[in-house]
Amino acid sequence: MVKDYYAILGITFPSSPEEIAKAYRIMSKKWHPDLHPGDVAAAKRMVDINEAAGILRDPAKKARYDSEYLKAFSGFSAGSSGKYENPNYEYEDKTLKKDVNKARRSAEKSVRDLLREIGKSCGEAARGAWSFAKPILIILLVLLVAVPFCVGIVEGVKSNGANRLPGWKSYDSQNFSICYPGDWRVLENPDTIDDVYIGREDGKLGFTVLHFDTDLSLDEVVREVRNNSEAAGMAIIRAEYVLVSGIRCYAQTVGFRYGRLEVKQVGYTLMKGNTVYNVKFGSDVEAVDGNEALIKSIVASLEVK
């Protein structure tokens, strides 16, 4: 059996290294287990995505795979059944077959480690461990909620730098810009999901920003977010649509108890064109509630490009 790694990543043969890297980033965001809690099929899809990347992102392995690909999929409609494979073809290149088996084992281990880390990070979050060393914590506790906060942001706020307080800095990328206190720490590309993590040096409060393309509408994204939040056992404290820099945005606050501690996550999700932007905060209730004005100012400074 040979898998169509190109179809798994949503691209066509042969695709350039840049196209492959971009496709991997998009697909790993879309199928990340945090977005599909308890979904075994999604976890398996993530394994396939990592396996595909393990072969196609290595020039030597890709060259061997491409040679076999032409034999395996010439005239064969891979992906039509959703399986992205030709079950009737076996690799002729023994070296490639070994590479594929290694890539599969590595992909399975990566997802297992991720799921294990997710379970560990839940307890850490309840203790307010919003740590740079634990980016998965951010993903689990906030991305599941996928957006949001809400505590009374003023509709019609336009930033244009107006909400940057004295001593603040600006993080600028080709996709967005956002302001933050000058003594906070910036960690770019903390994982395959988030573009940047920015937080206090003591790790008690911080936020992530991510963006990804989708064919869904904002309302459809919101529906999935709410379902995932509830499936994860999180209580939706407040949810509403607001305007951020003149763009319609879904704002949501969620919380849950861990032992005697209460944890709160807040964030915002908005769309521009077919691109979703998500700003996420989270920590223990005291850290979040004690910095509501600061959180509002940071979010109000967001500008998407």
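Our subject is the structure that appears above.
Residues numbered from 1 in each chain as written. Predicted model: local features only at pLDDT ≥ 70, side-chain atom pairs only at ≥ 80, totals over all residues. Heavy atoms only, no water.

Concerning the overall build of the protein chain
Check the secondary structure of the protein chain and you find nine helices and 12 strands. Buried positions account for 52% of the 305 residues belonging to the protein chain. Residue pairs at least 24 apart in sequence account for 61% of intrachain contacts in the protein chain once pairs closer than 6 positions are excluded. For the protein chain, the accessible area works out to roughly 14,000 Å², and carbon and sulfur atoms hold 50% of it. (Helix = DSSP H or I, 4+ residues; strand = E, 2+ residues; numbered from the N terminus. Buried < 20%, exposed > 50% of the residue type's maximum accessible area, 1.4 Å probe, protein only. Contact = heavy atoms within 4.5 Å. Areas by Shrake-Rupley, 256 points an atom, 1.4 Å probe, with all protein chains shown as cover.)

Some points on the side chain of Lys280
Mapped onto the elements, Lys280 comes out in strand E11 (residues 275-284). Judged by its relative accessible area of 0%, Lys280 falls in the buried class. A polar contact is formed between the side chain of Lys280 and the side chain of Thr208, at a distance of 2.8 Å. (Polar contact = N/O pair within 3.5 Å; in protein donor to acceptor, adjacent residues only side chain to side chain.)

So, the packing of aromatic side chains
Evaluation of the coordinates by the stated rule reveals 11 aromatic pairs. For the pair Tyr6 and Phe13, a centre-to-centre distance of 5.5 Å together with 90° between the ring planes defines the contact as edge-to-face. On the accessibility criterion, Tyr6 (0% relative accessible area) is buried. With a centroid separation of 4.7 Å and an interplanar angle of 10°, the aromatic rings of Phe13 and Tyr69 are classed as stacked. With a gap of 56 residues between them, Phe13 in the loop between helix H1 (5-8) and helix H2 (17-30) and Tyr69 in helix H4 (residues 59-73) connect regions that are remote in the sequence. You can call Tyr69 buried: its relative accessible area is 12%. One aromatic cluster in this structure is built from Tyr5, Tyr6, Phe13, Tyr65, Tyr69 and Phe73. (Phe/Tyr/Trp six-rings, centres within 6.5 Å; stacked < 30°, edge-to-face > 60°.)

Brief notes about the sheet that holds strand E12 (residues 303-304)
Reading across from one edge, E3-E4-E12 is the order of the three strands in this open sheet, with antiparallel pairing throughout. Each edge of the open sheet is held by one strand with a lone partner, namely strand E3 (169-172) and E12. In this sheet, E12 lies alongside strand E4 (residues 176-180) in antiparallel orientation, the contact comprising two bridges. By the bridge assignment, Ser177 is partnered in E12 with Glu303. (Pairing = 2+ DSSP bridges.)

Quick notes on a positive patch on the surface
Residues Lys94, Lys98, Lys102 and Arg105 make up a contiguous surface patch of positive charge. According to the relative accessible area criterion, Lys102 is exposed, its value standing at 51%. (Patch = residues over 30% accessible without salt bridge, like charges linked within 9 Å, V, L, I, M, F, W, Y side chains within 5 Å. Salt bridge = Lys/Arg side-chain N within 4 Å of Asp/Glu carboxyl O. Lys, Arg positive; Asp, Glu negative; His and termini not counted. Charge placed at Lys NZ, Arg CZ, Asp CG, Glu CD.)

Some thoughts on the environment of Ser67
With respect to the helices, strands and loops of the structure, Ser67 is situated in helix H4. With relative accessibility at 42%, the residue Ser67 sits in the partly exposed group. Sequence spacing of Ser67 and Asp93 is 26 residues, and the spatial spacing of their C-alpha atoms is 9.3 Å.

Worth remembering: the numbers are spatial, not functional.
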